[in-house]
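# Commentary on secondary and tertiary structure
What follows is the residue order along each chain.
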Amino acid sequence: MSRFFPQGPKIPLFVNLLALVLVSLVAAELVNLAIVMALPRPEPDFYALTDVEQALNGLIVQATPSQGGAPRPFNIHLRSSPPVESGGGGFRGGIERRIARDLGTVPTSVVFVRPYLGPLSLRPPPSMHRPPGDRWSGLDHPRRDFPPDGLNPGRPDPQTFLAAPFTAALKLADGSWRVVEPRRRGFLDAWEQHVLLWFLASAAALTPMAYLFARRLAAPIAAFAFAAERLGRDPNAPPLELKGSAEVTVAARAFNDMQSRLRRYVHDRTSMIGAVAHDLRTPLTRLRFHLESAPPDLKAKMTADITQMDAMVADVLAFVRDASQTSVHAKLELSSLLDTVADEFAELGADVRVQPAERTVVEGDSLALKRMFANLIDNAIKFGGLARARLYRDEGTVVVDIEDDGPGLPVSEFESVFEPFHRAEPSRNRDTGGIGLGLTVARTIARAHGGDVVLDNRIGGGLLARVRLPI
């Protein structure tokens, strides 16, 4: 079970989860810091104020960004109302007054939304000042002087640049508004590309770590599922190893205690039944001795009853012996095993037919599986006169159908006949039904191999016993 419980100290599950969260946060921050240090700072596109004013006047439909490159068109459209109310003060109000002055209109006819980054530039934006040899070097924009205004009183205005995104609107003579907005560059802007890169890089860095932590936390659950399924097949399976977190260790210890108690319960029960059956041999032997002096007619009847009781005791002892001994599982070819059991019955004169089937390898106890098939075939012969067996695969399992031509069973008896000492045939004659342990042993063996045995009535008459085992 070491592959389920990782080696290491018994750390509480809460500490494991907390460590996962903290390590994930630190790793994500380190990845983000590396990206920030390695990539250039994303800068917005700057547009000359004069280009925006000409677009508002309807003279141009595109502008050249300050970073250079191909001209980028504006999004220009008309609407019946302004985008938002004018700010009326600060840099937004200054830009509106500046545009209104340049276009010869009143400030209330101009609306500017989302101010540019920083105050009005007294020189080209930062992206225009690069060291020699930089990829942006050589770009320049002409300076343009304007009369003094409220923003720079007593000083000529240099060329002013507006940082995208922004929205400018001008009220026209007919009362409508012409709205000018920079058109987006492709699907994502530079800062959006950086954010997406941060997300993808962080996810790539955290995925292996999250997988390892999730595997460590989920492994104990898989171990418990495996152990529970194995316990149903073999109560004598080895206990779980006490490894993993503190909570897992406590749960594994409780599971081992439960498995030990179940093992003792089954052992005590079978031992008690075996002891009772064994002790019955002594009075039966005394009865046989006393019958030697009995009258001939009484002796014959009592001898038959004692012989039947002795056979019943022998069957009980065999059942207890099979239930208490440890089975040895190995790979075996099931169709050959079924043919061997059928041949043994055929040598005794029974009508047993096995349909040819493909080779199917399973893992199990060959002696126990032979007894299971022998009990089912013997049951079919006693109540149906013959037995027909067919083996085939179905969804990862191997199925063996054993049919007869007998009267079948009521639906209410399909499960009760698997109970120990239950007989569907009302008489206690061993020649017509045994003592009621055959089907019990067959289902016990099938379930010990991870499968099961079920009964069903055939459409044309007779009973079908279906064995399903894992491949």
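Residues numbered from 1 in each chain as written. Predicted model: local features only at pLDDT ≥ 70, side-chain atom pairs only at ≥ 80, totals over all residues. Heavy atoms only, no water.

### Focus: the overall build of the protein
What the protein contains, in helices and strands, is nine helices and 14 strands. Every one of the 471 residues in the protein was classed for burial, and the buried ones make up 35%. The contacts of the protein with a sequence gap of at least 6 include a subset with a gap of at least 24, amounting to 68%. Carbon and sulfur atoms make up 61% of the accessible area of the protein, which totals about 26,700 Å². (Helix = DSSP H or I, 4+ residues; strand = E, 2+ residues; numbered from the N terminus. Buried < 20%, exposed > 50% of the residue type's maximum accessible area, 1.4 Å probe, protein only. Contact = heavy atoms within 4.5 Å. Areas by Shrake-Rupley, 256 points an atom, 1.4 Å probe, with all protein chains shown as cover.)

### Re the sheet that holds strand E11 (residues 387-394)
Across the sheet, which stays open at both edges, the five strands sit in the order E9-E11-E12-E14-E13 with mixed pairing between neighbours. Of all strands in the sheet, those with a lone pairing partner are strand E9 (352-354) and strand E13 (452-457), marking the two edges. In this sheet, neighbouring strand axes are inclined to one another by 20° on average, regardless of whether the strands run parallel or antiparallel. The sheet contacts of helix H7 (residues 334-347) involve E9, E11, strand E12 (397-403) and strand E14 (463-470), and relative to E9 the element is tilted by about 160°. Sheet strands in contact with helix H9 (residues 438-448) are E13 and E14, and its direction is about 130° off that of E13. (Pairing = 2+ DSSP bridges. Axes fitted to C-alpha atoms, helices over the stretch in contact; angles between N-to-C directions.)

### A short note on the pairing of strand E6 (residues 167-171)
Residues in a regular strand point their side chains to alternate faces of the sheet. Among the five residues in E6, four count as buried, and that is most of the element. Summarising the sheet, strand E4 (residues 110-113) and E6 pair through four bridges and their orientation is antiparallel. Each residue of the ladder has a partner; that of Phe112, found in E6, is Ala168. When E6 meets strand E7 (residues 177-182), the two strands line up antiparallel, connected through four bridges. Bridge assignment links Leu170 to a residue of E7, and that residue is Arg178. If you look at the hairpin formed by E6 and E7, you'll find five residues sitting between the two strands, and Gly175 has a positive phi there, around 95°.

### Digging into the sheet that holds E7
With antiparallel pairing, the five strands of this open sheet are ordered in space as E2-E3-E7-E6-E4. The outermost strands of the open sheet, each flanked by one partner alone, are strand E2 (62-63) and E4.

### Quick look at unusual backbone geometry
With a phi close to 55°, Glu395 is a non-glycine residue in the positive phi region. The topology assignment puts Glu395 in the loop between E11 and E12. Judged by relative accessible area, Glu395 falls into the exposed class, the value being 76%.

### Regarding the packing of helix H8 (residues 366-384) against H9
Two elements in contact, H8 and H9, have axes whose closest approach is 9 Å; the angle formed by their N-to-C orientations is 145°. Here H8 runs over H9; the crossing is left-handed. Here Ala368, Leu369, Arg371, Met372, Asn375, Leu376 and Asn379 of H8 lie close against H9, whose contacting residues are Gly438, Leu439, Val441, Ala442, Ile445 and Ala446. In the contact of H8 with H9, the residues fall into nine nonpolar, three polar and one charged. (Left-handed = near helix turned anticlockwise from the far one by under 90°. Nonpolar A, V, L, I, M, F, W, Y, C, P; charged D, E, K, R; others polar.)

### Regarding the nonpolar core
Core analysis: the biggest nonpolar cluster contains 46 residues, and Leu334, Met372, Phe373, Leu376, Ile402 and Leu455 have the highest contact counts within it. The element best represented in this core is H8, accounting for seven residues. Once residues lying within four places of it in the same chain are set aside, the contact partners of Phe373 are Leu334, Leu337, Leu338, Val341, Val400, Ile402 and Val467. Within the second largest apolar cluster, 19 residues are counted, among which are Ala63, Phe74, Ala168 and Val180. (Core = buried A, V, L, I, M, F, W, Y, C linked by side-chain atoms within 4.5 Å.)

### Re the packing of aromatic side chains
Throughout the structure, instances matching the rule amount to three aromatic pairs. With a centroid separation of 5.8 Å and an interplanar angle of 25°, the aromatic rings of Phe112 and Phe166 are classed as stacked. Taken together, the residues span a long stretch of sequence, with Phe112 in strand E4 and Phe166 in the loop between strand E5 (161-163) and E6 at a distance of 54 residues. Through successive ring pairs, a cluster of aromatic residues spans Tyr47, Phe74, Phe112 and Phe166. (Phe/Tyr/Trp six-rings, centres within 6.5 Å; stacked < 30°, edge-to-face > 60°.)

### What about the side chain of Ser176?
Inspection of the secondary structure assignment puts Ser176 in the loop between E6 and E7. Among the polar contacts made by the side chain of Ser176, one reaches the side chain of Asp174 at a distance of 2.7 Å. In this view, Ser176 contacts Arg79, Leu170 and Lys171; residues no more than four positions away in its chain are not counted. (Polar contact = N/O pair within 3.5 Å; in protein donor to acceptor, adjacent residues only side chain to side chain.)

### Points about the packing of H7 against H8
Two numbers describe how H7 lies on H8: the axes approach to 10 Å, and their chain directions differ by 50°. The pairing of H7 with H8 is recorded here as oblique in orientation. Both H7 and H8 take part in a crossing whose hand is right-handed. The segment H7 lies against H8, with Leu334, Leu337, Leu338, Thr340, Val341, Glu344 and Phe345 engaging Ser366, Leu369, Lys370, Phe373, Ala374, Ile377, Asp378 and Ile381. Of the residues that constitute the contact of H7 with H8, the class distribution is 10 nonpolar, two polar and three charged. (Parallel < 35°, antiparallel > 145°, perpendicular 65-115°, else oblique.)

### As for the confidence of the model for the protein
Averaged over every residue, the pLDDT of the protein is 75; residues scoring 70 or more account for 76%. In the model, residues 86-90 has pLDDT below 50 throughout and makes seven contacts with residues more than four positions away in sequence or in other chains. (pLDDT = per-residue confidence, 0-100.)

### Details of the environment of Ala254
Looking at the element boundaries, Ala254 is found in helix H5 (residues 246-291). For Ala254, a relative accessible area of 41% corresponds to the partly exposed category. Considered as a pair, Ala254 and Leu240 are 14 residues apart in the sequence and their alpha carbons are 10.0 Å apart.

### Here's the deal with the pattern of salt bridges
With the rule as written, the count across this model stands at 15 salt bridges. Here Lys370 makes a salt bridge to Glu344, at a shortest N to O gap of 3.5 Å. Taken together, the positions of Lys370 in helix H8 and Glu344 in helix H7 put the pair 26 residues apart, joining distant regions of the chain. Residue classification places Glu344 among the partly exposed positions, given a relative accessible area of 38%. (Salt bridge = Lys/Arg side-chain N within 4 Å of Asp/Glu carboxyl O.)

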